[in-house]
Amino acid sequence: MPPSVPSLPRRVARTLRTSLFAQVLCALVLGIVVGKLWPDTATAFQPLGDGFTRLIKTVISPLVFCVVVVGIAKAGDLKAFGRIGVKALIWFEVASTAALVIGLVAANVVGPGKGMNVDPSSLNAAAVDQSTGGGQLPSTTEFVLNALPESFVGAFAENELLQVLILACLVGAALLHLGHTKVPKILPAIDQAQEVIFTVVGFIMRLAPIAVFGAMAHLVGNYGLGVMKTYAKLIVLCYVAAALFVVLLALALRMVTGLSLWKFLRYIREEMLLALGTASTESVMPRVMQKLRRAGARDDAVGLVLPTGYSFNLDGASLYLSIGTLFIAQAVGVELSLGQQITVVLVLMLTSKGMAGIPGSAFLALSATASSLGAIPAGAVALLLGVDRIMDSMRVVTNLLGNCVAVFAVSRWEGALDIERAKKTLDGEETAAPDDERDGGGEGDVEVPAAVTPAPGIPTQKPKEPTPEVG
């Protein structure tokens, strides 16, 4: 007798119960509906999204530290780690510059601000200061100094990823120098701490749908959907330019590694939807690191390239800044010469590197660019106050994809990518990570990692019973 097919309501219920993607998607739609129908009440849900992001941020620094230290120690080659860093910076600069140029070309061709004829004196420049909290972007010297930790604990307490990376490199180098015989207990402890952190991430991810609902309800309730009509031309241009840049990323990934970006998008669809809902790439960094490692990228490459990209490879922000600068100039009737537009690219190449983690950083970078040109009134940046939050989705997707492609490309460049494993993983075949045997968890599940295989020379432990997964 053939097995009975579950009814449609049961299949839907099972999907909602087991699939993180379905849960987040439903929360996204529900948040938009609540924000539209009850805008005054919807803004009260903001703490749901903020609380989730804060929980994730608590584990990012220790996770990056553990992954980098273990990666260096297992790779056993500090010179290779240095080469990965240099190659990553080269890739970041090429990608960010390409994003800036695409943005400038798109803004010149379409002219999103032409015909607006805005009087700069009618704009509220004080609103920009309110949005940025009176802050400013660091100079190049300040940026370099800020990347150096003042204390070991302070780097973790303030969640300064670059400082944590430097500390991790120093500790990893020290472990290599001393060898396993002199510090036999340190590396296993860090390895086990990494296991604990990934388990904590699995617990936190169960709250992702609630976070997405709160964030989207607040966004729609606070800003409404009407702003999209006012700035329709600019919004469409930014998203089309971002789509063009993603196509270029797909071509670059195919040429360098032979992998498909579209398959990778399907592979991280839960993380991408969560990043869209919370408007934060930091909220998915731990899960993305885990999936990149499972997809064949070596630990040291993932641990160095992805976190560094959060400060040095803001492709979506670069696109937005270049288009935004020309939009402002066109709106107030200022024609920028070719030389001035080249200056825009050069200035944004520097200012975009110091944006990560600074409130209102986009407005600070735009203000710095306007001041350097001397032709655009600084107060004109206020034109983008109403639309900036709508651009978060574009920036988040482009930044995240740009950094993931950078991990694959630099890993391939350094010989730190298992191509066969990557292809099998992206094709949906079940594969266990080479360094950390984890229990399954198909796509759509909230995965809680199992024990990490210890480095050579470290005694093995009896595996624990796996934590039940959603799905």
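Calculation rules
Per chain, residues are indexed from 1 in the order of the written sequence. Where totals are concerned, whole chains, interfaces and linings use all residues; where local detail is concerned, this predicted model gives features only for residues with pLDDT of at least 70, and gives and counts side-chain atom pairs only at 80 or more. Only hydrogens and water are removed before side-chain values are computed, so all heavy atoms of the structure are retained for them. Secondary structure elements are defined from DSSP: runs of H or I of at least 4 residues count as helices, runs of E of at least 2 residues count as strands, and each element is numbered from the N terminus. Exposure classes here rest on a 1.4 Å probe applied to the protein chains alone. A residue is buried below 20% of its type maximum, exposed above 50%, and partly exposed in between. Contacts: residue pairs with any heavy atoms within 4.5 Å of one another. The rule is short: rings of Phe, Tyr and Trp, with Trp giving its six-membered ring, pair when the centres are within 6.5 Å, and they are stacked under 30 degrees, edge-to-face over 60, tilted in between. Charge over a ring is defined by NZ of Lys or CZ of Arg lying within 6 Å of the ring centre and within 35 degrees of the ring normal. To form a nonpolar core, buried Ala, Val, Leu, Ile, Met, Phe, Trp, Tyr and Cys residues must be joined to one another through side-chain atoms within 4.5 Å. Helix axes are fitted to C-alpha atoms over the stretch in contact, other axes to C-alpha atoms as well, and angles between N-to-C directions run from 0 to 180 degrees. Orientation is classified from the angle alone, with under 35 degrees giving roughly parallel, over 145 giving roughly antiparallel, 65 to 115 giving roughly perpendicular, and any other angle giving oblique. Crossing handedness is defined as follows: a turn of the near helix away from the far one that is anticlockwise and smaller than a right angle gives a left-handed crossing, while the clockwise case is right-handed. For this classification, Asp, Glu, Lys and Arg are treated as charged, while Ala, Val, Leu, Ile, Met, Phe, Trp, Tyr, Cys and Pro are nonpolar and the rest, including Gly, are polar. Put simply, a salt bridge is a Lys or Arg side-chain nitrogen that is within 4 Å of an Asp or Glu carboxyl oxygen. To estimate the expected span of a helix, count its residues, drop one, and scale the result by 1.5 Å. Here the term cavity refers to a set of points on a 1 Å grid, laid over the protein atoms alone, in which a 1.4 Å probe fits but cannot get out; the term pocket refers to an open set having protein on both sides within 12 Å along at least five of seven lines, with lining residues being those that place an atom within 4 Å of a point. Grid points are joined across faces, edges and corners, and a volume is the space filled by probe spheres set on the points.

**Student:** Help me understand the overall build of the protein in this model?
**Tutor:** Secondary structure assignment for the protein yields 22 helices and zero strands. Burial status across the protein gives 53% buried among its 471 residues. In the protein, of all internal contacts separated by at least 6 residues, the share reaching a separation of at least 24 is 82%.

**Student:** Any chance you could explain the packing of aromatic side chains here in plain terms?
**Tutor:** Summed over the entire model, instances satisfying the criterion amount to six aromatic pairs. Geometrically, the ring pair formed by Phe264 and Tyr267 is tilted, given 6.2 Å between the ring centres and 50 degrees between the ring planes. In this pair, Phe264 and Tyr267 both sit in helix 14 (residues 261–267), three residues apart, roughly one turn of the helix. Under the relative-accessibility criterion, Phe264 is labelled buried at 1%. Given the relative accessible area of 4%, Tyr267 is considered buried. Grouping aromatic residues by their ring pairs yields a cluster made of Phe65, Phe152 and Phe156. Between Arg395 and the ring centre of Tyr320, over which it is positioned, the NZ or CZ distance is 4.6 Å.

**Student:** Please clarify how the nonpolar core should be interpreted in this entry.
**Tutor:** Inside soluble globular proteins, nonpolar side chains tend to come together where they are buried. The biggest cluster of nonpolar side chains holds 133 residues, and the ones touching the most others in it are Val64, Leu234, Leu261, Phe264 and Leu292. For this core, the leading source of residues is helix 4 (residues 46–75), giving 14 residues. Discounting chain neighbours no more than four positions away, the residues touching Val64 are Leu161, Val164, Leu165, Met285, Met289, Gly303 and Pro307.

**Student:** Which parts of the structure should I look at to understand the packing of helix 10 (residues 186–205) against helix 16 (residues 285–294)?
**Tutor:** If you want to describe how two helices pack, look at the angle between their axes and the distance between the axes. Packing of helix 10 against helix 16 leaves a shortest axis separation of 10 Å and a crossing angle of 120 degrees. As judged from the angle between their axes, helix 10 and helix 16 are oblique. As helix 10 runs across helix 16, the sense of the crossing is left-handed. In this structure, helix 10 uses Gln194, Phe198, Val201 and Met205 to contact helix 16, whose residues at the interface are Pro286, Arg287, Gln290 and Arg293. Across the contact of helix 10 with helix 16, the residue classes break down as four nonpolar, two polar and two charged.

**Student:** Got a minute to help me understand the pattern of salt bridges in this structure?
**Tutor:** Going through the model one piece at a time under the given rule, you end up with 11 salt bridges. Where Arg293 meets Asp299, a salt bridge forms, and the shortest distance between an N and an O atom there is 2.9 Å. Note on Arg293: relative accessible area 3%, which makes it buried. Residue Asp299 is classed as buried on the basis of its relative accessible area, which comes to 5%. Notably, a salt bridge pairs Asp300 with Arg298, separated by 2.9 Å at the nearest N-O pair. Among the charged side chains, a salt-bridge network with shared partners connects Arg269, Glu270, Glu271, Arg287 and Lys291.

**Student:** Teacher, can you tell me more about helix 17 (residues 299–312) here?
**Tutor:** Every α-helix carries 3.6 residues per turn, so stepping three or four residues along brings you back to the same face. The first and last C-alpha atoms of helix 17 sit 20 Å apart over 14 residues, in line with the 20 Å expected at 1.5 Å per residue. Burial analysis of helix 17 places 14 of its 14 residues in the buried class, the great majority of the element.

**Student:** Would you explain the environment of Leu78 in this entry?
**Tutor:** Mapped onto the elements, Leu78 comes out in helix 5 (residues 78–110). C-alpha separation for the pair Leu78 and His177, spaced 99 residues apart in sequence, amounts to 9.7 Å. In contact with Leu78, not counting residues within four places along its chain, are Ile72, Ala173 and Leu176.

**Student:** Explain empty space enclosed by the protein to me, please; I cannot follow it from the model alone.
**Tutor:** In this approach, a probe sized like a water molecule rolls over the atoms, and the result shows the empty space that is left. Under the counting rule described, the total for this entry stands at one cavity of 30 Å³ or more. Quantified by volume, the largest cavity comes out at close to 30 Å³. Surrounding the largest cavity, Thr325, Ile328, Leu366, Thr369, Ala370, Ile376 and Val381 form its lining. Those elements giving two or more residues to the lining of the largest cavity turn out to be helix 18 (315–331) and helix 20 (361–373).

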